[in-house]
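Chains, contacts and geometry: an overview
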Amino acid sequence: MSLFDALRYDGKRALVVGGASGMGAATAQLLQDAGAEVVVMDFAEVALPGAKAIHVNLADAASIDAALDQCGGPVHALFSCAGVADGTPGIEKINFIGHRHMIDRLLSGGLLPRGSAIGFISSAAGLGWEANLPQLLEFLATPDFDAAVTWAGEHGTAHYMFTKQAICAYVARQAYPLLKQGIRINAICPGPTDTPLAQANKEMWLGFGADYRGEVGIEASTPLEQAYPLVFLCSDAAAAISGVTMVTDAGYFSSGVTESFPAATDTVKFLLGRY
Ligand SMILES: NC(=O)c1ccc[n+]([C@@H]2O[C@H](COP(=O)([O-])OP(=O)(O)OC[C@H]3O[C@@H](n4cnc5c(N)ncnc54)[C@H](O)[C@@H]3O)[C@@H](O)[C@H]2O)c1
């Protein structure tokens, strides 16, 4: 198969959760361009012509169940994009627990066939998750939506960084059991990306790494620039890739680790050793 054929989605049905805005919306559009039949689930109204739109509230397990009943199968590619910032009630559910519940339901319903793939949007804020692995594994061992919510409440982890670490650890941990069912799972870890969510938290989200971007002469990513690697990871061109959290931050984290851009080193050290 040629490279461009391997990247295409003809004959595939893609579900984009959080596809009304930002990176999810760019992903949904790119998937249509690549030939997919696209279903978009979101809390907000979906404005993509040609896509089936389904309302969902990721903070509510019953709403997720109802949305999946409307969606049906098969789902050849699931894009788990929706997320919110600190300060939003239910962040632990919206950013991770609801997405996990959706995957569990898709699996138990036989809706993710062999050859399908899952792509999460984590965050550069989730990097360094390995240092917190024991706690993350304890959290991931919770059997269902309600147990995970209770655990997060009891352990004070209902915050952005923990939800993004949880995605990274989940992706890494699930690669093996999912591939036994023929399913791949990966994530991107974006750096600052110019979306409505980032604009609403401008100082913290778009201020992050502004010195690095100034030095190398780039802007914050566009949603489309993040959608490209996400769509690649769920395509047949990435058949050998699973369990990966791909850092899509234009090199900020790596330059901090190696001290080639020393101004990033303190931030990276914080991320790597904060627990
Ligand atoms: N923008 C950045 O700089 C940045 C950086 C790293 C990671 N991220 C992550 O990227 C993902 C996409 O964010 P974005 O920046 O494109 O923001 P966005 O706000 O444009 O998109 C997020 C989408 O999630 C939906 N959503 C929110 N609450 C929901 C709920 N309860 N149920 C269902 N859908 C819900 C929103 O309606 C929206 O369409 C998020 O997971 C975010 O954490 C963003």
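The present account deals with the structure reproduced in this document. Residue positions are counted from 1 within each chain, in the order its sequence is given. Residues qualify for local features only when their pLDDT is at least 70, as the model is predicted, and side-chain atom pairs are given and counted only at 80 or more; totals for whole chains, interfaces and linings, by contrast, use all residues. Side-chain numbers come from the whole structure's heavy atoms, not from hydrogens or water.

**Describing the sheet that holds strand β5 (residues 117–121)**
Spatially, β3-β2-β1-β4-β5-β6-β7 is the arrangement adopted by the seven strands of the open sheet, whose pairing is parallel. At either end of the open sheet lies a strand with only one pairing partner, and these are β3 (52–55) and β7 (245–248). Strand-to-strand twist of the sheet, defined as the mean angle between neighbouring strand axes without regard to direction, takes the value 20°. When DSSP finds two or more bridges between two strands, those strands count as paired. Strands are runs of DSSP state E lasting at least two residues, helices are runs of H or I lasting at least four, and both sets are numbered from the N terminus onward. Judged from the four bridges that link them, strand β2 (residues 37–42) and β3 form a sheet pairing that is parallel. Axis definition: a line fitted to C-alpha atoms, limited for helices to the stretch in contact. Angles are taken between N-to-C directions and run from 0 to 180 degrees.

**Observations concerning the site of the ligand**
Distances are taken per atom, and a residue is near a molecule or strand as soon as one of its heavy atoms is within 4 Å of it. Surrounding the ligand, one finds 30 residues, the nearest of these being S21, D42, Y160, K164 and T195. N or O atoms within 3.5 Å of each other form a polar contact, as long as, within protein, one can give a hydrogen and the other can take it, and as long as residues adjacent in sequence are counted only when both atoms are side-chain atoms. One nitrogen or oxygen atom from the side chain of Y160 is found 2.7 Å from an oxygen atom belonging to the ligand. The contact in question runs from an oxygen atom of the ligand to an N or O atom on the side chain of K164, over 2.8 Å. Note that accessible areas follow from Shrake-Rupley with a 1.4 Å probe, and for residues the cover is restricted to the protein chains shown. Here the ligand, which alone exposes 820 Å², has 93% of that area covered by the protein. Of all elements in the fold, only α2 (22–33), α7 (160–179) and α8 (196–200) reach the threshold of two or more residues within the shell around the ligand. With three residues, α8 is the largest single contributor of residues to the shell around the ligand.

**A word on the state of the cysteines**
Sulfur atoms of two cysteines make up a disulfide when they are within 2.5 Å. Inspection of the entire model under this criterion finds zero disulfides. Among the cysteines around C71, which has no disulfide bond, C81 carries the closest sulfur, lying 14 Å off. Note on exposure labels: buried denotes an accessible area under 20% of the residue type's maximum, exposed denotes more than 50%, and partly exposed covers the range between, all computed with a 1.4 Å probe on protein chains only. C71 sits in the buried class, given a relative accessible area of 5%. Take C81: it sits in no disulfide, and the sulfur closest to it among the cysteines is that of C234, at 8.9 Å. Using a relative accessible area of 10% as the deciding quantity, one classes C81 as buried.

**Notes on the nonpolar core**
Ranked by size, the top nonpolar core spans 54 residues in total, and within it L15, M41, M102, I118, F120 and F139 carry the most contacts. No other element matches α7, which puts nine residues into this core. Apart from residues lying up to four places away in sequence, I118 is in contact with L78, S80, I103, L112, L178, I183, R184, I185, N186 and C234. What is meant by a nonpolar core is a set of buried Ala, Val, Leu, Ile, Met, Phe, Trp, Tyr and Cys residues, joined one to another through side-chain atoms within 4.5 Å. In terms of nonpolar packing, the next biggest core, distinct from the first, is built from 26 residues, L31, V46, A51 and I121 among them. Working rule for contacts: check all heavy atoms of both residues, and any pair within 4.5 Å makes them a contact.

**What to know about the environment of A66**
Within the secondary structure, A66 sits in helix α3 (residues 61–71). Along the backbone, A66 and F208 are 142 residues apart, and their C-alpha atoms lie at a distance of 38 Å.

**Overview of the packing of aromatic side chains**
What describes a pair of aromatic rings is the distance from one ring centre to the other and the angle between the planes of the rings. The rule is short: rings of Phe, Tyr and Trp, with Trp giving its six-membered ring, pair when the centres are within 6.5 Å, and they are stacked under 30 degrees, edge-to-face over 60, tilted in between. Using the criterion set out here, one finds 11 aromatic pairs in the structure. Each ring, one from F96 and one from F139, has its centre 5.7 Å from the other, and the planes form 50°; the classification is tilted. Separated by 43 residues along the polypeptide, F96 in helix α4 (residues 91–108) and F139 in helix α5 (residues 133–140) bring together distant segments of the chain. Overall, F139 belongs to the buried group, its relative accessible area being 3%. Taken together, a centroid distance of 5.3 Å and an interplanar angle of 75° make the contact between F96 and Y170 edge-to-face. Highlighted residues: F96 in helix α4 and Y170 in helix α7, separated in sequence by 74 residues. An aromatic cluster is built from F96, F120, F139, W151, F162 and Y170, whose rings are joined through pairwise contacts. Here the guanidinium or amino end of K12 rests over the ring plane of Y9, the centre of that ring lying 5.1 Å away. Here, a charge over a ring is recorded when the distance from Lys NZ or Arg CZ to the ring centre is within 6 Å and its angle to the ring normal is within 35 degrees.

Limitation: the analysis is restricted to geometry and does not speak to function.
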